Amino acid sequence: MSSAAAPNARDRILGAAIDLIRREGFAATSLDDLCRQAGVTKGAFFHHFAGKEDLGVAAADFWREGTSALFANAPYHRPADPLARVLAYLDFRRELVRGGVPEFTCLVGTLVQETYDSHPRIRDACAASIFGHAQTLEADIAAAMKKHRVTAAGWTPESLATHTQTVLQGAFILAKAKNDPALVFDAIDHLERYIRFLFKPKKKAAAA
């Protein structure tokens, strides 16, 4: 018998919300479907959440907490060379692209597309998740710049970290548009080539 505690009602609701929103979208996710999948009553739902907007905020926070733990313990942190860690991060993102489109796309990326104007609280929670994750890459990028003596012209560790998320979130949208995970792999491959180019040793100009 497993010693792990069963998820409480709130966590079951949030887990169901993540599954349904990634598959159906926020607006199309009904409370009836949500409660049915979570195995709770509507009374239990309203015990934990004031309404659907509160659910959206909590789902974004729940997603951020779960993915933060996943990435913090991922193997891409192991290489000694910081540039190798950045590239290993991309390898790890490739490994996460499995199953159907709803199974590997980003909850907060999906959620914010629908709610950025209508629900500012949800938008802000999604932004905290996306940009918070981008920030975790900045130290390795900065260390890689120092180790490989890269002098940036027009970019910073922060902007490159943000760009990685721009590429990934855009790739998820394109994968949805064509229902084709291959587009995510292609986008990551291009991103890797771009990062390798930024860190490629510059040839010294020939003496006149």
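Residues numbered from 1 in each chain as written. Predicted model: local features only at pLDDT ≥ 70, side-chain atom pairs only at ≥ 80, totals over all residues. Heavy atoms only, no water.

(A) Region of the structure containing the environment of Trp155. With respect to the helices, strands and loops of the structure, Trp155 is situated in the loop between α8 (120-147) and α9 (157-178). Taking the C-alpha atoms as reference points, Trp155 and Gly170, separated by 15 residues in sequence, lie 20 Å from one another. Sequence-distant contacts of Trp155, that is, excluding residues within four places in its chain, are made with Ile141, Met145, Val150, Leu160, Leu198 and Phe199. (Helix = DSSP H or I, 4+ residues; strand = E, 2+ residues; numbered from the N terminus. Contact = heavy atoms within 4.5 Å.)

(B) A look at the packing of helix α1 (residues 9-24) against helix α7 (residues 107-115). For the pair α1 and α7, the least separation of the axes is 9 Å and the interaxial angle reads 60°. By the criterion of interaxial angle, the relationship of α1 to α7 is oblique. Seen along the crossing, α1 lies across α7 with a hand that is left-handed. In this structure, α1 contributes Ile18, Ile21 and Arg22 to the contact, and α7 contributes Leu107, Thr110 and Leu111. Grouping the constituent residues of the contact of α1 with α7 by class yields 4 nonpolar, 1 polar and 1 charged. (Axes fitted to C-alpha atoms, helices over the stretch in contact; angles between N-to-C directions. Parallel < 35°, antiparallel > 145°, perpendicular 65-115°, else oblique. Left-handed = near helix turned anticlockwise from the far one by under 90°. Nonpolar A, V, L, I, M, F, W, Y, C, P; charged D, E, K, R; others polar.)

(C) Geometry of the pattern of salt bridges. Following the criterion strictly, the structure yields 12 salt bridges and no others. Of the charged contacts, one joins Arg94 and Asp189 as a salt bridge, the two residues approaching to 3.0 Å between their closest N and O atoms. Taken together, the positions of Arg94 in helix α5 (residues 82-95) and Asp189 in helix α10 (residues 182-198) put the pair 95 residues apart, joining distant regions of the chain. In this structure Arg94 comes out as buried when scored by relative accessible area, which is 16%. Across the pair Glu192 and Arg94 runs a salt bridge whose closest N-O atoms are separated by 2.6 Å. Highlighted residues: Glu192 in helix α10 and Arg94 in helix α5, separated in sequence by 98 residues. Ionic contacts of the salt-bridge type, sharing partners, join the residues Asp91, Arg94, Asp189, Glu192 and Arg196 into one network. (Salt bridge = Lys/Arg side-chain N within 4 Å of Asp/Glu carboxyl O. Buried < 20%, exposed > 50% of the residue type's maximum accessible area, 1.4 Å probe, protein only.)

(D) Summary view of the packing of aromatic side chains. The tally for this structure, following the rule as stated, stands at 9 aromatic pairs. Plain terms: the ring middles of Phe45 and Phe46 are 5.0 Å apart, the flat faces sit at 90° to each other, and that makes the pair edge-to-face. The exposure class of Phe45 is buried, given its relative accessible area of 0%. Residue classification places Phe46 among the partly exposed residues on the basis of a relative accessible area of 45%. A centroid spacing of 6.0 Å and a plane angle of 70° characterise the contact between Trp155 and Phe199, whose relative ring orientation is edge-to-face. Of this pair, Trp155 sits in the loop between α8 and α9 while Phe199 sits in the segment after α10, and the two are 44 residues apart along the sequence. Take Trp155 and Phe199: they sit in the same class, and that class is buried. (Phe/Tyr/Trp six-rings, centres within 6.5 Å; stacked < 30°, edge-to-face > 60°.)

(E) Region of the structure containing the side chain of Gln165. Inspection of the secondary structure puts Gln165 in helix α9. Here Gln165 falls in the buried class, since its relative accessible area comes to 6%. Gln165 has contacts with Tyr89, Arg93, Ile130, His133, Ala134 and Leu137, leaving out every residue within four places of it along the chain.

(F) Spatial organisation of the environment of Gly109. By the element assignment, Gly109 lies in helix α7. You can call Gly109 buried: its relative accessible area is 5%. For the pair Gly109 and Cys126, spaced 17 residues apart in the sequence, the C-alpha separation amounts to 7.2 Å. Not counting residues within four places of it along the chain, the set of residues in contact with Gly109 comprises Ile130 and Gln169.

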